[in-house]
Amino acid sequence: REKDDKYKTWMPKFLMAKEDKDQRKSSDDVERNIFKVKKSNAEKSKKMEKEERVFRETFMYDKEINVINTATAECSVPSKRRVDLPVTAGEQLDVIDVTEGNAVICRNSEGRYGYVLVEHLNFR
């Protein structure tokens, strides 16, 4: 043991500085955290696949899903119909397809799809 370790005072973990806690973690703990991240990514991709399947059924969309452009929502808009996508101000959206009217089909960061009016979007 070094001299510094000998004279350290005992402190509960919740009172320790964050840097000290990080040093006490073993390599096993770090590896475990990596697996947790992968698990959440797998759950997220599974949810996105489900949203895509619901989108294809609802919109009868059989084309390949390609992102045409990205846009930012200028204001918050709740959905009035089931096929509308509720957006919040400043939210990033992927534009998937353009329709004949003044709406576009968009996808949000959660993987949900729906119509958004062009006047609510700001294209970069």
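Let me sum up the structure you'll find in this document. (Residues numbered from 1 in each chain as written. Predicted model: local features only at pLDDT ≥ 70, side-chain atom pairs only at ≥ 80, totals over all residues. Heavy atoms only, no water.)

1. What about the side chain of Asp84?
Here's step 1: Within the secondary structure, Asp84 sits in the loop between β1 (69–73) and β2 (92–98).
Here's step 2: When its relative accessible area of 17% is taken as the criterion, Asp84 is described as buried.
Here's step 3: There is a polar contact of 3.0 Å between the side chain of Asp84 and the side chain of Arg81. (Helix = DSSP H or I, 4+ residues; strand = E, 2+ residues; numbered from the N terminus. Buried < 20%, exposed > 50% of the residue type's maximum accessible area, 1.4 Å probe, protein only. Polar contact = N/O pair within 3.5 Å; in protein donor to acceptor, adjacent residues only side chain to side chain.)

2. Focus on the pattern of salt bridges
Here's step 1: Summed over the entire model, instances satisfying the criterion amount to four salt bridges.
Here's step 2: Salt-bridge contacts for Glu52 lead to Arg56; the nearest nitrogen and oxygen are separated by 3.3 Å. With Glu52 and Arg56 both in helix α3 (residues 27–59), this residue pair falls four residues apart, about one helical turn.
Here's step 3: Classification of Arg56 as partly exposed rests on a relative accessible area of 25%. (Salt bridge = Lys/Arg side-chain N within 4 Å of Asp/Glu carboxyl O.)

3. Some details on the environment of Asp97
Here's step 1: Looking at the secondary structure, you find Asp97 in strand β2.
Here's step 2: Sequence-wise, Asp97 and Ile68 are 29 residues apart; in three dimensions their C-alpha atoms are separated by 7.0 Å.
Here's step 3: Filtering out sequence-adjacent residues up to four positions away, Asp97 remains in contact with Tyr61, Lys63, Ile68, Val104 and Ile105.
Here's step 4: One polar contact links Asp97 to Tyr61, side chain to side chain, over a distance of 3.3 Å.
Here's step 5: There is a polar contact of 3.1 Å between the side chain of Asp97 and the side chain of Lys63. (Contact = heavy atoms within 4.5 Å.)

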